[in-house]
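Breakdown of the fold
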Amino acid sequence: MPAEQHLTLDVALGIARSLRPQLVAEQAATEVRTTYSPEMHHVFKDAGFYRLLVPRAYGGLAWTMPDFVRLMGEVARGCMSTGWCLCLGASHALLVSSLWPKSAQDAVFKDGHVVIPSTARPGGPAIRVDGGWRLNTTHPYSSGAPYSTHYVGQAFEYGSAGGAPVQQMLFVAPRDAYEIKDDWGKTLGLKGSGSNTIVFHDAFVPDDHVREGTMQVDIRTSNTSPGFELHGNPMHLAPGQGFFGLDLATVFVGGAFGALDEYEILMRERRTAGDAGRAPAARLTDPDYQRWFGLATARLNSAQAIIHDAAERWMETCHRAAAGGEPFTTTDDMMLNMMCREATRLAWSTVQDTIFRTAGSSAAVNGERMERAYRDLSQAWGHVNMIIEDSMARAWTARTLD
């Protein structure tokens, strides 16, 4: 087995923390490039960061969810764009190894290295042909695209050309089946997250790479799955909303900690503006800045604690299903997603109301680390996962109290 198969959390966290100065230094270049560098990609690959959720049968590490989200948060603390691109490219190995049959998994994981972006919105039509499906679909916001080896997407099933759509499908396709458009980097933030548009032009996908009638955001689970039967890992019994929430929240909170790191530097290097009763003084010894820094640290640690607890609950629910208890239900999944959203809300309010507000306008000059952190967090705050909070809360209540 490759050396990284034995990668422990402590060692991986040490690698991520050692990379932090470089990730910070390369943030501007990452934005211009719209993704992290090829050199950083090889660092991640050599360290085994792309194999974290790949099954051991295919040379992966098969990490637990709590360990995965902790490491992704550490990477995002150095560069939120990099953390976003890495996390969403590495995480969907779990989706593929959970839902697809052995024949498809053998093809996808044949050399153990996978980077699999995904978006849940259907990208267009898939027409049935002999042995599979023909895709002509477009998938924007495919975070992790630049270094991708495969893609997981949704399409509308058509029985034949010119017919009517029957239902949605979920598919996985190799890199040679799609084009990656050079269209990322025009957003307010997360310019380096590699969230390019992926396009399929008359691409063929075989039957065993397709899950007919399956919606990624509405997967129904039971006490078994193709992945559980193959690998025996309880993590292959989970639906996707809670996992998706954990992905986004850990990167968001990691980015907020990056803003806090910069705030500490500013405290050590800059002075207060002064007010009617006090002359300018070192921020580090100023009572107000001391209070702001302490409260911001406590609140971000609280947001992080929510994520870590949600990840532990996610694992417990998987083990319950694997032991023959109640399956991982939609209400379980929704609640975990909502918990992650509250962690995100707490981190956002901490940055907006305390860190950014009191950092000073000079910290918001174009190119400053604090300015970039605020843009990245603002972009993530407008993600669709935040927009659907009301509809998910209503749906959870209706299901729970019915």
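Everything here concerns the structure above.
Below or above, wherever it landed, is the structure these notes cover. (Residues numbered from 1 in each chain as written. Predicted model: local features only at pLDDT ≥ 70, side-chain atom pairs only at ≥ 80, totals over all residues. Heavy atoms only, no water.)

For the rest of this paragraph, the subject is the overall build of the protein. Secondary structure assignment for the protein yields 14 helices and seven strands. Counting all 402 residues of the protein, 54% fall into the buried class. Long-range pairs, those at least 24 residues apart, make up 74% of the contacts in the protein with a sequence separation of at least 6. A total of about 16,400 Å² of accessible surface is found on the protein, and carbon and sulfur atoms cover 54% of it. Charge centroids of the protein, computed over 36 positive and 44 negative side chains, lie 4 Å from each other. (Helix = DSSP H or I, 4+ residues; strand = E, 2+ residues; numbered from the N terminus. Buried < 20%, exposed > 50% of the residue type's maximum accessible area, 1.4 Å probe, protein only. Contact = heavy atoms within 4.5 Å. Areas by Shrake-Rupley, 256 points an atom, 1.4 Å probe, with all protein chains shown as cover. Lys, Arg positive; Asp, Glu negative; His and termini not counted. Charge placed at Lys NZ, Arg CZ, Asp CG, Glu CD.)

Here we come to the state of the cysteines. For the coordinates displayed, the defined rule picks out zero disulfides. Free cysteine Cys 85: the closest other cysteine sulfur is in Cys 79, separated by 9.6 Å. Summary of cysteine pairing: Cys 87 is not part of a disulfide, and the nearest cysteine sulfur, belonging to Cys 85, is at 10 Å. Taking relative accessible area as the criterion, Cys 87 reaches 1% and is therefore assigned buried. (Disulfide = S-S within 2.5 Å.)

Attention now moves to the nonpolar core. One finds Met 65, Phe 68 and Trp 314 to be the most contacted residues of the largest nonpolar core, which totals 78 residues. Residue assignment for this core shows that the elements contributing at least two residues are helix H1 (9–25), helix H3 (38–47), helix H4 (65–78), helix H5 (80–90), helix H9 (241–269), helix H10 (287–322), helix H11 (330–359) and helix H12 (369–381). Element by element, the count of residues in this core is highest for H9, at 14 residues. (Core = buried A, V, L, I, M, F, W, Y, C linked by side-chain atoms within 4.5 Å.)

Turning our attention to the side chain of Ser 118. Within the secondary structure, Ser 118 sits in the loop between helix H7 (102–108) and strand E1 (125–129). For Ser 118, the side chain forms a polar contact with the main-chain oxygen of Val 152, separated by 2.9 Å. A polar contact is formed between the side chain of Ser 118 and the side chain of Gln 216, at a distance of 3.1 Å. Setting aside residues no more than four positions away along its own chain, Ser 118 makes contact with His 92, Tyr 151, Val 152 and Gln 216. (Polar contact = N/O pair within 3.5 Å; in protein donor to acceptor, adjacent residues only side chain to side chain.)

The backbone of Ala 62 sits at a positive phi, close to 50 degrees, despite the residue not being glycine. Relative to the elements of secondary structure, Ala 62 occurs in the loop between H3 and H4. Look at Ala 62 and you get partly exposed, because its relative accessible area is 26%. Backbone geometry at Leu 190 places phi at a positive 50 degrees, although glycine is not the residue there. Among the secondary structure elements, Leu 190 is positioned in the loop between strand E5 (179–180) and strand E6 (195–206).

Take H11 next. In a regular helix each residue adds 1.5 Å, so 30 residues correspond to 44 Å; H11 covers 42 Å between its end C-alpha atoms and thus fits that length. The largest bend along H11 reaches roughly 35 degrees and is located at Val 351. At the C-terminal side of H11, Gly 360 shows a positive phi close to 100 degrees. (Expected span 1.5 Å × (residues − 1). Bend = angle between axes of the 7 residues up to and from the residue.)

Moving on, we get to the packing of aromatic side chains. If you walk through the whole model with that rule in mind, you get 18 aromatic pairs. Where Trp 348 meets Trp 381, the ring centres are 5.6 Å apart and the plane angle is 15 degrees; that geometry is what we call stacked. Of this pair, Trp 348 sits in helix H11 while Trp 381 sits in helix H12; the two residues are 33 residues apart in sequence, bridging distant segments of the chain. Here a set of aromatic residues connected by ring pairs shows up, and it is made of Tyr 36, Phe 44, Phe 49 and Tyr 147. (Phe/Tyr/Trp six-rings, centres within 6.5 Å; stacked < 30°, edge-to-face > 60°.)

Looking now at the pattern of salt bridges. Under the criterion given, the structure shown has 17 salt bridges. The residue Arg 345 makes a salt bridge to Glu 342 at a minimum N-O spacing of 3.4 Å. Of the two residues, Arg 345 and Glu 342 both sit in helix H11, three residues apart, roughly one turn of that helix. A relative accessible area of 39% places Glu 342 in the partly exposed class. Linked by salt bridges that have partners in common, Glu 31, Glu 371, Arg 372 and Arg 375 make up one network. (Salt bridge = Lys/Arg side-chain N within 4 Å of Asp/Glu carboxyl O.)

Another aspect to go through is the layout of surface pockets. Put simply, the largest pocket is a space of about 1,300 Å³. Around the largest pocket sit 49 residues that line it, and Ala 120, Val 217, Phe 244, His 383 and Val 384 are the ones nearest its centre. Mapped onto the lining of the largest pocket, the elements with two or more residues apiece are H5, helix H6 (93–99), strand E2 (132–143), H9, H11, H12, helix H13 (384–387) and helix H14 (389–401). The element best represented in the lining of the largest pocket is E2, accounting for five residues. Among the residues forming the lining of the largest pocket, the class breakdown is 23 nonpolar, 20 polar and six charged. The volume enclosed by the second largest pocket comes to roughly 190 Å³. If you go around the second largest pocket, the residues you meet are Thr 272, Ala 273, Gly 274, Asp 275, Arg 278, Ala 279, Ala 281, Asp 286, Asp 288, Tyr 289 and Trp 292. Taken together, the residues of the lining of the second largest pocket sort by class into five nonpolar, two polar and four charged. (1 Å grid on protein atoms, 1.4 Å probe; cavity = no way out; pocket = protein on both sides within 12 Å on 5 of 7 lines; lining within 4 Å. Points joined across faces, edges and corners; volume = space filled by probe spheres on them. Nonpolar A, V, L, I, M, F, W, Y, C, P; charged D, E, K, R; others polar.)

In the contact formed by H9 and H10, the axes pass within 10 Å of each other and the chain directions differ by 160 degrees. The orientation of H9 with respect to H10, classified from their angle, is roughly antiparallel. Every pair of crossing elements has a handedness; the one defined by H9 and H10 is left-handed. Looking at the contact of H9 with H10, its residues break down into 19 nonpolar, six polar and one charged. (Axes fitted to C-alpha atoms, helices over the stretch in contact; angles between N-to-C directions. Parallel < 35°, antiparallel > 145°, perpendicular 65-115°, else oblique. Left-handed = near helix turned anticlockwise from the far one by under 90°.)

The buried count for strand E3 (residues 150–158) comes to seven of nine residues, which makes it a mostly enclosed element. With three bridges connecting them, E1 and E3 associate as parallel partners. Directly across from Ile 127, in E3, lies its bridge partner Tyr 158. Pairing geometry for E3 and strand E4 (residues 165–174), over eight bridges, is antiparallel. Opposite Tyr 151, over in E4, you have Ala 173 as the bridge partner. Hairpin geometry of E3 and E4 is characterised by an intervening segment of six residues between the two adjacent antiparallel strands and by a positive phi of about 85 degrees at Gly 162. (Pairing = 2+ DSSP bridges.)

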